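Report on the structure
The primary structure of each chain is shown beneath.
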Amino acid sequence: MTPISIRGASAHNLRSVDLTLQPGTLVVFRGPSGSGKSSLALDVVHAESRRRMLEVLRVPGSATTALPRVPVDAIDGLPPTIAVAPDDRQRADRPLLDMSDQGAILRSLFARHGTLMCPETGAPLRAWTTPHIVDDLARLPTGTRLTIGAPLPPADDPGRLLTELRRSGFARVRLGKRLVRLDDIDTLPRGVSVELVVDRIRWGPDRRDRLGEGIDTAWKAGQGTIRVDLGDSHRTYSRARQSPSGRTWPRARPEHFDRSRAEGACTACEGQGCDACDHSGWGDLARHTRLGGHTIASLLAAPLRTLPDWLRAQNNLPADILPPIRTLVALGLGHLPIGRNQRHLGRGEWRRATLARAVHLALSPRLLVVDEPLSGLDRSSAEKVVAVLRQVVDQGATVVVIEHRPEVLGVADRVVTFGPGGGPDGGTIVSDGPPEATPAWPAPTHRPTSSPPTWTVSHPHATAPVAIAADRWTVLTGPGGAGATRLAVQGLAAHFAGRPTLATVEGPEPRLLEPAPLAGASQPRSCVATAAGIWTRIRTLLSATRAARVRGLAADAFTFNRSTGWCPDCEGLGQRIVRFGSLPPITEPCPTCHGGRLRPDIDDIRWRGHSARTLLTTDIHQVRPLFAANPHLSPVLDALQAVGLGHLPLGRPTESLSSGERRRFAVALTLARLKAAERDPRPTLVVLDQPDTGLDDDTARTVARWMASSIAGRGTLVTVAHHPALIHTADAVVVLPAPDA
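Below is a summary of the structure that appears in this document.

Rules used throughout
Residues numbered from 1 in each chain as written. Predicted model: local features only at pLDDT ≥ 70, side-chain atom pairs only at ≥ 80, totals over all residues. Heavy atoms only, no water. Phe/Tyr/Trp six-rings, centres within 6.5 Å; stacked < 30°, edge-to-face > 60°. Helix = DSSP H or I, 4+ residues; strand = E, 2+ residues; numbered from the N terminus. Buried < 20%, exposed > 50% of the residue type's maximum accessible area, 1.4 Å probe, protein only. Lys NZ or Arg CZ within 6 Å of the ring centre and 35° of its normal. Axes fitted to C-alpha atoms, helices over the stretch in contact; angles between N-to-C directions. Parallel < 35°, antiparallel > 145°, perpendicular 65-115°, else oblique. Left-handed = near helix turned anticlockwise from the far one by under 90°. Contact = heavy atoms within 4.5 Å. Nonpolar A, V, L, I, M, F, W, Y, C, P; charged D, E, K, R; others polar. Salt bridge = Lys/Arg side-chain N within 4 Å of Asp/Glu carboxyl O. Polar contact = N/O pair within 3.5 Å; in protein donor to acceptor, adjacent residues only side chain to side chain. Pairing = 2+ DSSP bridges.

**Section: the packing of aromatic side chains**
- Going through the model one piece at a time under the given rule, you end up with six aromatic pairs.
- Ring geometry for Trp535 against Phe560: centres 6.1 Å apart, planes inclined by 35°, an arrangement best described as tilted. Of the two residues, Trp535 sits in helix 15 (residues 535–543) while Phe560 sits in the loop between helix 16 (546–551) and strand 26 (575–580), which places them 25 residues apart along the sequence. Of the two residues, Trp535 and Phe560, both sit in the buried class.
- Counting every residue linked through ring pairs, the aromatic cluster contains Phe110, Phe257 and Trp310.
- Arg247 extends its terminal NZ or CZ atom over the ring of Trp249, reaching a point 4.0 Å from the ring centre.
- In this structure, Arg597 packs its charged tip against the face of Phe560, placed 4.9 Å from the ring centre.

Rendered as structure tokens:
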């Protein structure tokens, strides 16, 4: 296998980095936030693999231009690449197994092999076939007289139908209870049931073939219904399944076992669960079809770890269904219900589920790039993830992991450290070699506070309730699936924010501070300065300069969100979108503003020597001294620096931030609001979810100290965290029990 040779990588702050990756190895990229590790792995290696794939798909000679190149001199030996980033925004309102093909396979199994049980009798309801009917009638005593009939639907033209029956060679019909010859009547009477007599047989073992032929003919004539007269009784057979009351059941399809589809949902409640469906939301056919001792509802409620054994008991099983499920169980998700909705997964559960899907795509000789796969996980769960990554390597794939956790550093084949700092102080490889001995994170221990509890919260999907004391910093931690995020974010914060929640919360109503979604983060023009709410004030400073006043430039001349200030070519995006027919679009820097976003004619407007363009290209660490005396800008910039985001330029698009950077960004803005909260007479409650995501040890310790000093004397802080630095610094620690405990 050919090594992957990277030469001259220069994306973002990378300084012409060279690196060679050996095939079939586990390589860890680590370093401070903004040091360039994600830039090399995702914005160079994965981006170049994607560009090459799109270039192959591009139609030669078409009107589409060549794809923009990735900022790297050369990459040799690059295989197809799969990247897994911790993005929580891509969840669907679908079951967990629908992330791959397993959900569809389960529905197909029930449709093809399930047995419909009659809700009236509890007996199986089967659709009859010719062999089944022959077997059923063959049990009659030899010599039994059989009359095979086909009930006919009402005819629009009875006379014409009679003529066609005669021409087809039929001789008799049953009109009501009377058997008559076709030659003895002139027409078929209306308002009377008409049954075509297909054949009359005296049963014997030698008549089996003739019986089958008669039944086949009756199927065609009777449109799916056959009536066999036995003299003193009769038997009715239908290709449709029918209950004794006459209810006909449709042929099962996979859609009948999908509650999000109209075919699978209860018609009375449309899948919401009101009394007709026993509050399940499932349609009648799904509720009464069983396979392997389960209905689809009871199977989806069972733990995921039971699914492999159930599947092995089924026939005609696709060979590729079991490995992904085994991987989910190996990643520590076996306790989850098989039908758990993706939106109800904890953050760590979601990331492991995403990784499980990618693992089975990363077959040799592919390259798998995984960004922070251990974020939000306790030590036990992290070790399970690392074991799965090692299995992928053992199968011949190359795996690049962006991480700082000792669980993966200790078993890596190679550790590449970027730095020495972030932003302009990073972008180089400071060390590269085999892993050094790294002490494991200590297991967290329960550390209660002596203060009486102020709030208590419980959640049905959490393993234990928790009590929170006021004016203290409490960390909730525990194994994946224990419910720390559910208690803190989906319980405590949701209750006081007025959002729907399954949690039960007791205690006085506080002034709640929690990270809000970054303002305009999903908009293409959103950047660090606008999301932090500081660019409006910076525009005001620029418009107040003498040069701006002389030219009559107001603050809106320095905005890239409106035509008054944006670059006329890219309309404030800083880049152009290049489309290639049906292929995914590619972006390239705007040739007019070169990524600066603003109209070029305002470059000469400067505040303390800095234009709007240079301010947008300057990172937070460098711009802090410039605004140190500004009471509106300094607290926000100090908070962003404290959570390890000092490397971010003010103009960095927010859509390019990693999941961890987004979370810490929101944490910084939340804690920066504490001073304003002091004027509120209510107790202040701050709820933060995993602010330690993506932090190296040094930055984690800095963040922990800053959080402790920020909250001291100002309110109560509840944090979901796993890093020892935050756990050690907090006033109280609640360790939730494992889901299987």
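**Overview of the packing of helix 3 (residues 130–137) against helix 5 (residues 208–222)**
- Orientation of helix 3 relative to helix 5, taken along the N-to-C sense of each, is 130°, at an axis distance of 10 Å. As the angle between them shows, helix 3 and helix 5 are arranged oblique. Crossing angle aside, the handedness with which helix 3 passes helix 5 is right-handed. Within the contact between the two elements, helix 3 uses Thr130, Ile133, Val134, Asp135 and Leu137 and helix 5 uses Arg208, Leu211, Gly212, Ile215, Asp216 and Trp219.
- Here the contact of helix 3 with helix 5 is built from residues that sort into six nonpolar, two polar and three charged.

**Let's talk about helix 19 (residues 634–642)**
- Within helix 19 the residues assigned to the buried category are Ser634, Val636, Leu637, Ala639, Leu640 and Ala642.
- Just beyond helix 19, the residue with positive phi is Gly644, at close to 85°.

**Points about the pattern of salt bridges**
- What the rule picks out here adds up to 32 salt bridges.
- A salt bridge links Glu164 to Arg160; its shortest N-O distance comes to 3.5 Å. Taken together, the positions of Glu164 and Arg160, both in helix 4 (residues 158–167) and four residues apart, correspond to about one turn of that helix.
- For Glu164, a relative accessible area of 39% gives the class partly exposed.
- Given a relative accessible area of 56%, Arg160 falls into the exposed group.
- Between Glu514 and Arg499 there is a salt bridge, with the nearest N and O atoms lying 2.7 Å from each other. A residue pair is termed long-range when its members are at least 10 positions apart, and Glu514 in the loop between strand 25 (511–513) and helix 14 (528–531) and Arg499 in the loop between helix 13 (484–497) and strand 24 (504–506) qualify at 15 residues.
- Its relative accessible area of 16% is what places Glu514 among the buried residues.
- When salt bridges that share partners are traced, they join Arg94, Asp98, Arg107 and Asp258 into one network.

**Looking at the packing of helix 9 (residues 322–333) against helix 10 (residues 347–359)**
- Two elements in contact, helix 9 and helix 10, have axes whose closest approach is 9 Å; the angle formed by their N-to-C orientations is 150°. Classified by the angle their axes make, helix 9 and helix 10 are roughly antiparallel. Handedness of the crossing formed by helix 9 with helix 10: right-handed. Only Glu349, Arg352, Ala353, Leu355 and Ala356 of helix 10 make contact with helix 9, whose side of the interface consists of Thr327, Leu328, Leu331, Gly332 and Leu333.

**Some thoughts on the side chain of Asp378**
- Looking at the element boundaries, Asp378 is found in the loop between strand 17 (367–371) and helix 11 (379–394).
- For Asp378, the side chain forms a polar contact with the main-chain nitrogen of Ser380, separated by 3.2 Å.
- A polar atom in the side chain of Asp378 sits 2.7 Å from the side chain of Ser381.
- Excluding residues that lie within four positions of it along the chain, Asp378 makes contacts with Arg405, Gly478, Pro479, Gly480 and His722.

**Topic: the sheet that holds strand 23 (residues 473–477)**
- A sheet is described by the order of its strands in space; here five strands give the open sequence 25-30-31-23-32, paired in parallel fashion. If you trace the sheet from one side to the other, it starts and ends with strand 25 and strand 32 (732–735), each paired once. Going across the sheet, the axis of each strand differs from the next one's by a mean of 20°, ignoring polarity.
- In this structure, strand 30 (residues 684–689) lies alongside strand 31 (residues 716–720), joined through five bridges in parallel fashion. Residue pairing in the sheet places Leu688 in a bridge with Thr719 of strand 31.
- Sheet strands in contact with helix 13 are strand 23, strand 25, strand 30 and strand 31, and its direction is about 140° off that of strand 30.
- Contacts from helix 22 (residues 697–711) reach strand 23, strand 30 and strand 31 within the one sheet, and its direction differs from that of strand 31 by about 155°.

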